[in-house]
Amino acid sequence: MRRTLTLITALACALAVAPPAHAVPPLPDPDRPIGWGEHATGGAGGPVHVVTTRKELKDALATGGPKTIHVRGTIYGNQTDDGVLLGEQDYAPGYDLGKYLACFVGGKVWSDQAHAWCGQMRRLRQTGSNNQKRQIQLTVPSDTTLLGIGADARLEGVFLSVNTGSNIIVRGLELESPIDHFTSWDPGDGESGSWNARFKAFGIVTGSRIWIDHCAFTDGQRLDRDAPTGPNGKPVNRHDGLLDIEDGSDLITVSYNRFVNHDKNMLVGSGDGRGDRDRGKLRVTYYGNLFDGVSQRSPRVRYGAVHVFNNYYRGSMTGEQPLVSNDLGGPSHYLGLGIESRVYSEHNAFEYDGPQDIVVQNWNAHRFFDRRSWFNGRPVDVVAVARRKFEAAKAAELAKAAAAGSAPPAWTALEFTTDVGWAPAEVYAYRPLVNANLVKRTVLEHAGPAALDLPAPG
């Protein structure tokens, strides 16, 4: 779809005067999204519900028709209707992580016969996971606005989700990612095995026309680095993504949010083999967001036409959430390019006290564009990093196939290009900031719930 800019918008862009370099400009329109999710109106015109507990929120979400829900104070996903906070042993009495791990012989192969308790641990882990999911998952229906009111509006341990819903707005909330008490160990995932936590802070499945704005996403005080050590010598991963967009979701804008101290941050598209669902969809715009101490996937894109501009990324090898880039032997990256992704990046500010390769990771993606982004305040050729990683992966696959006498993967016949097949200016009106310090200051001032400054209701 191609939309011509209106005469009014064109004149406004032509006549607008850029603010002085020292000034932090106001947002273009703080009450309307720009980008792929620009047509989201949420629950406009419907009644307003004020909620302070999980039960009240669940009941308000279940009401029909357009609606706006005001969240006051902290709502706990693990809290029962009578006020009791549930923990691991409430969901699965007798479950023990150490006993569960002991049933993987050598940390590699599960065996019910390894110990007398192994069959029981296997069943308890699955039962506990299902019980916790039923408790903490709250689904946002179509035509809904979910709005945090006051400085303390937050969802703690809630698995907020959209499942086939459309026309949804979520603003002004702090979302603390749920702890998965029953995360599973997969010894065959990657070279050294991997943990697979189940619960996200916010998961969007087959959702459309969605605006997520001025929220804060975090692991709170329970970082994965403080978890017990697993068979691969790394801490047990108890958190899944902070904001994952999957299964043909479409027309989404993510603006002026804070993503802080997390590992696997955001997916766009959940699997290489899901092109039948995702091709032509997964259109997402990210702008004005802060990614602070986020190890990877900001975002990690498969198939989608994704616009990433005026975001501020910062991380450190020695910070609260240490980042180790690929060139240093680690998994950390800011932008992740996956199968058939079409990412259009521009004017993003990246900071890191290690190699600049952290700006992008490439999983066989041959299309990527970046315009005038910065690394530690200086211009950086993000395209060159993406191209280098594509060519290295391609050479490795061709050599592997030649040694085995087999045909190489089809993607190795592709050539890297900056033509991603679309341009944001052909689809919607926007005007990026073009100064690195101004991007940084604007994001730090405007991103997060506090900047939305909505008064608490009387």
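Residues numbered from 1 in each chain as written. Predicted model: local features only at pLDDT ≥ 70, side-chain atom pairs only at ≥ 80, totals over all residues. Heavy atoms only, no water.

Going by an unreviewed UniProt entry, the protein chain carries the name Pectate lyase and comes from Nonomuraea dietziae. Regarding the protein chain, the relevant UniProt record gives this comment under Subcellular location (unreviewed entry): "Secreted". (UniProt positions renumbered as here; feature names shortened; annotations may be inferred.)

(A) Up close: the overall build of the protein chain. Helix and strand counts for the protein chain stand at nine helices and 32 strands. Radius of gyration (C-alpha) of the protein chain: 22 Å, near the 23 Å computed for a compact globule of 458 residues. Its C-alpha atoms give the protein chain principal-axis dimensions of about 75 × 70 × 40 Å. Classification of the 458 residues of the protein chain by burial places 52% in the buried group. Sequence separation of at least 24 residues holds for 73% of the intrachain contacts in the protein chain that already meet a minimum separation of 6. Total accessible area on the protein chain stands at roughly 19500 Å², and carbon and sulfur atoms take up 52% of it. Charged side chains in the protein chain number 48 positive and 50 negative. The centres of these two groups are separated by 3 Å. (Helix = DSSP H or I, 4+ residues; strand = E, 2+ residues; numbered from the N terminus. Rg over C-alpha atoms; globule rule 2.2 N^0.38 Å. Buried < 20%, exposed > 50% of the residue type's maximum accessible area, 1.4 Å probe, protein only. Contact = heavy atoms within 4.5 Å. Areas by Shrake-Rupley, 256 points an atom, 1.4 Å probe, with all protein chains shown as cover. Lys, Arg positive; Asp, Glu negative; His and termini not counted. Charge placed at Lys NZ, Arg CZ, Asp CG, Glu CD.)

(B) Representation of the sheet that holds strand 11 (residues 174–176). With respect to topology, 10 strands assemble into an open sheet ordered 3-8-11-16-19-22-25-28-31-32, the strand pairing being mixed. Unpaired on one side and paired on the other, strand 3 (74–76) and strand 32 (378–380) mark the two borders of the sheet. With direction set aside, neighbouring strand axes in the sheet form an average angle of 25°. As paired strands, strand 8 (residues 154–156) and strand 11 are joined by three bridges and run parallel to one another. Each residue of the ladder has a partner; that of Leu155, found in strand 11, is Leu175. Running at roughly 85° to strand 25 (residues 312–315), helix 8 (residues 436–446) makes contact with strand 19 (258–264), strand 22 (290–296), strand 25, strand 28 (349–352) and strand 31 (373–375) of the sheet. (Pairing = 2+ DSSP bridges. Axes fitted to C-alpha atoms, helices over the stretch in contact; angles between N-to-C directions.)

(C) How the structure looks around the UniProt feature "domain: Pectate lyase" (unreviewed entry) in the protein chain. Within this structure's numbering, the places UniProt gives as "domain: Pectate lyase" (unreviewed entry) are residues 129–356. Helix makes up 5% of residues 129–356 and strand 43%. Its end C-alpha atoms lie 39 Å apart.

(D) Just empty space enclosed by the protein, in detail. Evaluation of the coordinates by the stated rule reveals one cavity of 30 Å³ or more. When its volume is computed, the largest cavity comes out at roughly 70 Å³. Leu27, Pro28, Asp29, Pro30, Arg32, Ile34, Trp211, Asp213, Ser255, Tyr256 and Tyr287 together form the lining of the largest cavity. (1 Å grid on protein atoms, 1.4 Å probe; cavity = no way out; pocket = protein on both sides within 12 Å on 5 of 7 lines; lining within 4 Å. Points joined across faces, edges and corners; volume = space filled by probe spheres on them.)

(E) The pairing of strand 21 (residues 284–287), seen in detail. Taking every second residue as pointing to the same face, both faces of strand 21 are buried, with Val284 and Tyr286 on one and Thr285 and Tyr287 on the other. Taken together, the four bridges between strand 18 (residues 250–255) and strand 21 define a ladder with parallel strand orientation. Directly across from Thr253, in strand 21, lies its bridge partner Thr285. Examined bridge by bridge, strand 21 and strand 24 (residues 305–309) share four bridges and lie parallel to one another. From the neighbouring strand, Thr285 faces strand 24, where its bridge partner is His307.

(F) A look at the side chain of Lys394. Tracing the backbone through its elements, the reader meets Lys394 in helix 7 (residues 382–404). For Lys394, a relative accessible area of 9% corresponds to the buried category. Excluding residues that lie within four positions of it along the chain, Lys394 makes contacts with Trp411, Thr412, Leu414 and Glu415.

(G) Broad picture of the sheet that holds strand 15 (residues 208–213). The 10 strands are arranged 1-2-7-10-15-18-21-24-27-30 in an open sheet whose pairing can be described as parallel. On the outer flanks of this sheet lie strand 1 (48–51) and strand 30 (368–371), each paired with one strand and no other. Strand-to-strand twist across the sheet, computed as the mean angle between neighbouring axes with direction ignored, equals 10°.

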